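Structural description and commentary
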Amino acid sequence: MGLYLLVRAAVLVVSTAVASVVVFAVMAVLPGDPAEVALGVNATAEAVAAKRAEFGTDRPLVTQFLDWVAGLSTGDFGVSYVTSDRIGPQIVDRLGVTLWLVLFGMLMAIIVAVPLGTAAAVRHRSIGGLLLSGISQVGVAVPAFLAGILLVFLFAVTWQALPSGGYTPIREDPTAWFQQLLLPSLSLGLVQGAVLSRYVRSAVLDVMREDYIRTARAKGLGLYRALWKHGARNAAIPVVTVLGLQLATLLIGAVVVERVFTLPGLGSLLLDGVANRDLLLVQGTVMVLVVAVLGINFLVDVLYALLDPRLRGVR
Amino acid sequence: MTRPFVRLVAVTATVTLAITAAGCSSESSGGSASTSSLSVGFVAEPANLDFTSTDGAAIPQALLVNVYEGLVKLDQDGKVVPLLAESWDISPDRKTYTFHLRDNVTFTNGKKFTADDVVFSINRVKTDWKVSLKSAMDVVANAAKKDDTTAVVTLTKPSNSWLYKMTTRIGAIFSRDGVADLANKPIGTGPYKLDSWRRGDAITYSANENYWGTKPKVGKVVLKYFKDATALNNALLTGGIDVISTVQAPESIQQFSDTSKYEVIEGTTTGEVLLSFNNSKAPLDNKLVRQAIRYAIDHKALLDTAWAGRGQLIGSMVPPTDPWYEDLTNLYPHDPAKAKELLAQAGQSNLKLRLRIPNLPYAVASAQVVKSQLAAVGITVDIEPLEFPARWLDVVFKQADYDMSIINHVEPRDITAIFGNKNYYLRYNNPKVQELFAKADSGTEDEQVAGMKEAARIISEDAAGDFLFLFPNLIVAKKGTTGLPKNLVSESFDLSVLSPSEA
């Protein structure tokens, strides 16, 4: 167990380091000079040169990279080219929105997937089961932003039941906050739920064929009860793995969904940053996303080991 | 056996319904309670609130006239009218301006507005501003205080455009004690003051209770920012906002065709959608080729197809709100035969041109039409969209590595900057035009109008570019909302006389 975790942690550290190089390199080759974008079309060459010096973008790339990494290691993301504000607090602020979105999206996905997938497995031979499979198949094919557009059209524009976008912090108005998060997380959750339900279905199907379920049923337990008491833990292993991978896609999906619903989260920060060539901001935001995804994968590995004792012995 | 599953579905459905119903009720009660609050939807959010060091149209759009006031401003017809200056005198040599200032004005930091602030603000443009627009203040030799309510500005040479430019952001008057944190804490004399700014979402203004002029009718104005045109439209459809400041896709206007609920206001802007030519590079250095292109384009059809017929045909680089506007749309009537003839005369067959456009909706839509219309006269157009702003600025604007481009030149009176400077990306070099511009700027009002008219005509005859259409100002508002600025003639979106709908 200890060695297993150690190896996983080492992988996490190395991946993060590699990611920082890649993120920086990609930004460095991105066309467009932040100083020119900031100063506008008619700026003089001297003004642009002065701005470059102010930003520090006139220094050698290696120096810029080392400075950036040194800052990151102490939690300092630098200062935005455009707003002159510290980047760290901005990311933390926006992360607040995105995390809620992802959390709610995940919850909705689970709420949708577990009963749907289980029912589809239990009734896999009936018309109802096939229908459930079919629905999830369609759900898998729909991108989250499209689901968002459809949900807005139905709930916001046609029925006028929920706001079409915007964000109010929870401390200002919890009701508005909840209503505004509902549709975006639903559009993330429904799609992810459809994907997840297929894994739940196959996991439950596998478990159903196990001897211990047959034994439990022979002893007089109902199918759902037998599954819950004896099969849940085993069925959970593949589902947790997928859940972890999905959390990463959810995070990325959130970036797009935020745009549809005008949520001031990490995604909108990122897109604005790219448009304004606010490179430090973009680098910082992308790094946070990368670390989040890597971190999730690490946690999945840990959970995996906890759920399946056999794995702990392997290494 | 299946009962737990059924129960779960039932519970989920009930919860969803309850939440939706709750959403319904609180939404409607929220709407009726706030009568003196109004929210306006915009597409471009300011990067920060400091237009002295950050370029971009979004900052003055939000702040100018509303929070910061200048000595003068533009009215809806594009005329320079008094604001913080009650009146001004111009010396006979047209070099000295004496401004008579209002004396009952205070800044939102409580400081009284005097001639000292005028001198401070004008000098600060030269010393502290970073954006390129500051060069409009170069012509000022000296700004001085005569007494508390009189400021005298002396120019190095007569310049009509200077007073005009004083209506833009460079003319904004700052408090001497109010420039410590311009990016976050703007302090001006305007009808509104900044309440809060939630980045990525909204800027909230409240009425300035000590405002010297007519107090605003709306106590709270929220400027809400949307990245996505559909989201902006949806917000008005669902009551999230009261006004769409500028409609991004004219074909979407039909969503607001219910005249009992919405009204659509169409005015003009100072944005000329220009098919720009690289005048210094073959084959577009040949006037015959440029003229052929102008004849080949059916502007009416282009406007109908690309921008749903919204907008106006202009035929020159001058919008109708400028005093030297002249309808030149008949200079190059649609005539494909003539276009082919001119191309033959220029010795051009199988002409291929690179149309490098910014990836903006109007440019993409227009480019398709230009391509098909030019194909009809035998010119092959290769459309290449470039990411805007960064890529387009670099490739087209800076390096002039293009044959043709399409961009909405939104700056007011930008004809001089675009066609009077041979280094501008169109590389149009006509000494006669440059001379006319210079004379017009230093002459009397009549001389200015005559000179500008002549220059605009020469540019159009020369086919230095093709003027596709004047960008419309399309506003959609809840029925009964009044005081909206119909024409977008200045840098600001004037909120000062807004009044909410009674409904």
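Rules of the game
- Residues numbered from 1 in each chain as written.
- Chains lettered and ligands numbered in written order.
- Predicted model: local features only at pLDDT ≥ 70, side-chain atom pairs only at ≥ 80, totals over all residues.
- Heavy atoms only, no water.
- Phe/Tyr/Trp six-rings, centres within 6.5 Å; stacked < 30°, edge-to-face > 60°.
- Buried < 20%, exposed > 50% of the residue type's maximum accessible area, 1.4 Å probe, protein only.
- Lys NZ or Arg CZ within 6 Å of the ring centre and 35° of its normal.
- Contact = heavy atoms within 4.5 Å.
- Buried area = accessible area lost by both parts, 1.4 Å probe.
- Salt bridge = Lys/Arg side-chain N within 4 Å of Asp/Glu carboxyl O.
- Polar contact = N/O pair within 3.5 Å; in protein donor to acceptor, adjacent residues only side chain to side chain.
- Helix = DSSP H or I, 4+ residues; strand = E, 2+ residues; numbered from the N terminus.
- UniProt positions renumbered as here; feature names shortened; annotations may be inferred.

Considering the packing of aromatic side chains
All names here are of chain B. This structure, assessed with the given rule, holds 37 aromatic pairs over all chains. With centroids separated by 6.2 Å and ring planes inclined at 15°, the aromatic side chains of Tyr97 and Phe99 adopt a geometry described as stacked. Like Phe99, Tyr97 is buried. Their ring planes at 85° and their centres at 5.2 Å tell us that Phe256 and Tyr262 sit as a pair that is edge-to-face. Taken together, Phe388, Trp392, Phe397, Tyr402, Tyr424 and Tyr425 form an aromatic cluster joined through their ring pairs. Between the NZ or CZ atom of Arg199 and the centre of the ring of Trp197, over which it lies, the distance is 4.1 Å. The residue whose ring lies beneath Arg413 is Tyr164, and the NZ or CZ to ring-centre distance is 3.6 Å.

Overview of the interface of chain B and chain A
At the interface, 42 residues of chain B touch 44 residues of chain A. Between chain B and chain A the total buried area reaches about 3,800 Å² when both faces are included, carbon and sulfur atoms providing 59% of it. Between chain B and chain A we count five salt bridges in total. In this structure, Glu387 of chain B engages Arg277 of chain A in a salt bridge whose closest nitrogen and oxygen atoms are separated by 2.6 Å. On inspection of chain B and its partner chain A, the count reaches nine residue pairs in polar contact (both at pLDDT 80 or more). For the side of chain B that touches chain A, the elements supplying multiple residues, two or more each, are α1 (3–33), β10 (220–225), α5 (229–237) and α10 (390–398) of chain B.

Looking at the UniProt feature "domain: Solute-binding protein family" (unreviewed entry) in chain B
Using the residue numbers shown here, the UniProt feature "domain: Solute-binding protein family" (unreviewed entry) corresponds to residues 79–408 of chain B. Segment residues 79–408 of chain B splits into 25% helix and 26% strand. End C-alpha atoms: 22 Å apart.

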